[in-house]
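# Remarks on the overall topology
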Amino acid sequence: MKSLSIFTLLMCFQILLFGQEIYFSDPIPVAENTYGNKAPRISLLEDGSPVVYFGKSGANPSLYVTRGVPGGFETPVSIPLNGLGVNLWSGELGPQIATFANTVYVVYEVYGDGIYVSTSIDSGDTWGDPVSTIDLAPGRYATLPSIGVDPLGNPIVNFVTTN
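Residues numbered from 1 in each chain as written. Predicted model: local features only at pLDDT ≥ 70, side-chain atom pairs only at ≥ 80, totals over all residues. Heavy atoms only, no water.

### Let's talk about the overall build of the protein
On a plain count of helices and strands, the protein comes out with one helix and 11 strands. When its helices and strands are written in sequence order, the protein yields α-β-β-β-β-β-β-β-β-β-β-β. Counting every position in the protein, which comprises 163 residues, the buried fraction comes to 34%. For the protein, the share of sequence-separated contacts (at least 6 apart) that also reach a separation of at least 24 residues comes to 42%. (Helix = DSSP H or I, 4+ residues; strand = E, 2+ residues; numbered from the N terminus. Buried < 20%, exposed > 50% of the residue type's maximum accessible area, 1.4 Å probe, protein only. Contact = heavy atoms within 4.5 Å.)

Spelled out as structure tokens, the structure:
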């Protein structure tokens, strides 16, 4: 908390000293609420375009990705789950997104079954089937997945296992 206070004071001092102001644009709608709004995440493609993941909870949860274009965002694309009951936790606990060049990775949890990754190699236009990342021993569970990408574009998935 002390470091946050010092940072805040330094920022205020800089703004007062140099007369700089911070401006925020008006919000840009990403998708209609009919697509859901659970655990949104954002990453950037090779050309700097934003790609946004979000989910829709309910009896048949869904995952969506949309890409930013001049003037807004494209119509969201559904990520095929092949019957998997994905968990859409809120906040930092939900599915995660990572990009490399024009490849998009989304990692998510199916509680009691494992951690899965879905991949698009065309900026999120089409998606491959989900791939399981771990074979769990009986009585073990995987949870809280996150994803990154190494310098060669290989996905790196980490998670917590419990029993």
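Next comes the rest of the account.
### Description of the confidence of the model for the protein
Parts of the prediction with low pLDDT should not have their coordinates interpreted in detail. Per-residue confidence for the protein averages 85 on the pLDDT scale, and 86% of its residues sit at or above 70. Within the protein, the lowest mean pLDDT, 54, falls on helix α1 (residues 2-18), and the highest, 96, falls on strand β6 (residues 96-100). (pLDDT = per-residue confidence, 0-100.)

### Details of a nonpolar patch on the surface
Taken together, the side chains of W89, L93, L144 and V160 present a nonpolar region at the surface, about 340 Å² in accessible area. Locating V160 in the fold gives a position in strand β11 (residues 155-162). (Patch = residues over 30% accessible without salt bridge, like charges linked within 9 Å, V, L, I, M, F, W, Y side chains within 5 Å. Areas by Shrake-Rupley, 256 points an atom, 1.4 Å probe, with all protein chains shown as cover. Salt bridge = Lys/Arg side-chain N within 4 Å of Asp/Glu carboxyl O.)

### With respect to the environment of G55
Along the chain, G55 falls in strand β2 (residues 50-56). Taking relative accessible area as the criterion, G55 reaches 0% and is therefore assigned buried. Placed 20 residues apart in sequence, G55 and Y35 show a C-alpha to C-alpha distance of 7.3 Å.

### What about the sheet that holds strand β7 (residues 103-110)?
Pairing within the open sheet is antiparallel, and its four strands lie in the order β6-β7-β8-β9. Bordering the open sheet on either side are β6 and β9 (131-132), each of which pairs with just one other strand. Two strands pair when backbone bridges link them, and β7 and strand β8 (residues 114-120) are joined in this way by seven bridges, in the antiparallel orientation. Its bridge partner being in β8, V107 is matched across the sheet by V117. (Pairing = 2+ DSSP bridges.)

### Concerning the pairing of strand β1 (residues 38-44)
Strand residues, when the strand is regular, have side chains that alternate between the two faces of the sheet. Sheet topology places β1 next to β2; five bridges connect them, and they run antiparallel. Across the sheet, R41 pairs through a bridge with Y53, a residue of β2. Between β1 and β2, which pair antiparallel and follow one another directly, the connecting turn spans five residues, one of which, G48, has a positive phi of 90°.

### Looking at the packing of aromatic side chains
Per the counting criterion, the structure on display carries three aromatic pairs. Measuring from ring centre to ring centre gives 5.9 Å for F54 and Y64, while their planes differ by 25°; the resulting arrangement is stacked. Here F54 is found in strand β2, whereas its partner Y64 is found in strand β3 (residues 62-69), with 10 residues between them in sequence. Across this residue pair, the class does not change: F54 and Y64 are buried. Judged by centre distance (6.4 Å) and plane angle (15°), the rings of Y108 and Y116 are stacked. Accessibility expressed as a relative area gives 10% for Y116, which makes it buried. The structure contains a cluster of three or more aromatic residues connected by ring pairs, namely Y35, F54 and Y64. (Phe/Tyr/Trp six-rings, centres within 6.5 Å; stacked < 30°, edge-to-face > 60°.)

### A look at the nonpolar core
With 18 residues, the main nonpolar core has Y53, L63, V65, V106 and Y108 as its most contacted residues. Mapped by element, the contributors of at least two residues to this core are β2, β3 and β7. Within the second largest apolar cluster, seven residues are counted, among which are A98, Y105, V117 and A142. (Core = buried A, V, L, I, M, F, W, Y, C linked by side-chain atoms within 4.5 Å.)

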